[in-house]
Amino acid sequence: MNVVAPERQFEPTSYHVKKSPEGAALDIRNFNLWYGKSQALHGIDMEVQKGEVTALIGPSGCGKSTLLRCLNRMNDLIDDLRVSGEIMVDGFDIYGPGVDVIALRKRMGMVFQKPNPFAMSIYDNVVYPLRVDGITKKSILDETCERALRSAALWDEAKDRLNESALGMSGGQQQRLCIARGIASDPEVLLMDEPCSALDPIATAKIEELIHQLRGHYTIVIVTHNMQQAARVSDNTGFMYLGRLIEYGATETIFSAPKKTQTLDYVTGRFG
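The following refers to the structure shown. None of the values given here were measured: they were computed from a predicted structure. (Residues numbered from 1 in each chain as written. Predicted model: local features only at pLDDT ≥ 70, side-chain atom pairs only at ≥ 80, totals over all residues. Heavy atoms only, no water.)

### Regarding the overall build of the protein chain
Here is step 1 of the chain: Within the protein chain one finds 10 helices and 11 strands.
Here is step 2 of the chain: Its C-alpha atoms give the protein chain a radius of gyration of 19 Å, near enough to 19 Å, the size a compact globule of 272 residues would have.
Here is step 3 of the chain: Projected onto its principal axes, the C-alpha coordinates of the protein chain cover approximately 55 × 45 × 35 Å.
Here is step 4 of the chain: Sequence separation of 24 or more characterises 70% of the internal contacts of the protein chain that already satisfy a separation of 6 or more.
Here is step 5 of the chain: For the protein chain, the exposed area adds up to about 12700 Å²; of that, 50% sits on carbon and sulfur atoms.
Here is step 6 of the chain: Taking the average place of the 30 positive charges on the side chains of the protein chain and the average place of its 34 negative ones, the gap between the two points comes to 2 Å. (Helix = DSSP H or I, 4+ residues; strand = E, 2+ residues; numbered from the N terminus. Rg over C-alpha atoms; globule rule 2.2 N^0.38 Å. Contact = heavy atoms within 4.5 Å. Areas by Shrake-Rupley, 256 points an atom, 1.4 Å probe, with all protein chains shown as cover. Lys, Arg positive; Asp, Glu negative; His and termini not counted. Charge placed at Lys NZ, Arg CZ, Asp CG, Glu CD.)

### Here's the deal with the sheet that holds strand β10 (residues 236-241)
Here is step 1 of the chain: Taken in spatial order, the seven strands of this open sheet run β1-β11-β10-β4-β9-β8-β7, and their pairing is mixed. Of all the strands in the sheet, just β1 (14-16) and β7 (108-111) have a single pairing partner and so form its edges. Each strand of the sheet is rotated relative to its neighbour by a mean of 20°, with strand direction disregarded.
Here is step 2 of the chain: Sheet analysis places strand β4 (residues 53-57) next to β10, joined by four bridges and oriented parallel. Within the sheet, the bridge partner assigned to I57 lies in β10 and is F239.
Here is step 3 of the chain: The strands that helix α6 (residues 171-183) touches are β7 and β8 (189-193); relative to β7, the one it contacts most, it runs at about 170°.
Here is step 4 of the chain: Packed on one face of the sheet, helix α7 (residues 201-214) meets β4, β8 and β9 (219-223) and runs near 150° to β9. (Pairing = 2+ DSSP bridges. Axes fitted to C-alpha atoms, helices over the stretch in contact; angles between N-to-C directions.)

### A short note on the side chain of D235
Here is step 1 of the chain: Residue position: D235 is located in the loop between α8 (227-233) and β10.
Here is step 2 of the chain: D235 gets classed as buried once you look at its relative accessible area, which sits at 9%.
Here is step 3 of the chain: Sequence-distant contacts of D235, that is, excluding residues within four places in its chain, are made with K18, E52, V53, R215, A250, T251 and E252. (Buried < 20%, exposed > 50% of the residue type's maximum accessible area, 1.4 Å probe, protein only.)

Following this line, the structure appears as structure tokens:
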């Protein structure tokens, strides 16, 4: 039976976030986004805690992936897009004048829904970000490749086939390879847009285990439709609905005792 979503009445966002001792990695302040005349994000305020995992949940079309792509300005590629508000990183607004977008994206590793390895060897996939930066010294490339593959829990499976095409790997291996490529240049933040949506349960479990291992080394923001996954892997969870951040707090509270009725209705399956 389909259940009608709650009425579109929006109160101020409820915040009860688990704070990191290291403070915030990202500070989003009254952020709005429009596609032409259509507003997709409304007054988003949230601090993404450094070294922790933040999950964004909500029904399809609520703005989760749109917000995620704002964090490394991937939405810049869309025509007729405009924004207002601020997204602060280390005291500067990433949408401010004169920002080097390429340098920003090096600080924000990105993993997409579907694995997207390049049509080249496993080794060349991992070290690709370094070669783009002009690094050619073999010892540095070799060290980075091993470090990144170990961090992505893929070294033992790939060390004897580094020169083979990445396209010959399984889907789960390809996604871990993309994570290795994403962290090869040692970014500060790892953005993950439904990284398990195209994977089977076994591969999904490996990615979730990897997220636990990367916690603390990187700040991770993950968009997921899988609420059980959000509950398993994240420290804080933001619930979004119709382009608004309805509630943002410690994950255990979001799923066991949310402050907002809309959040409760969503996590208990009454709509969405």
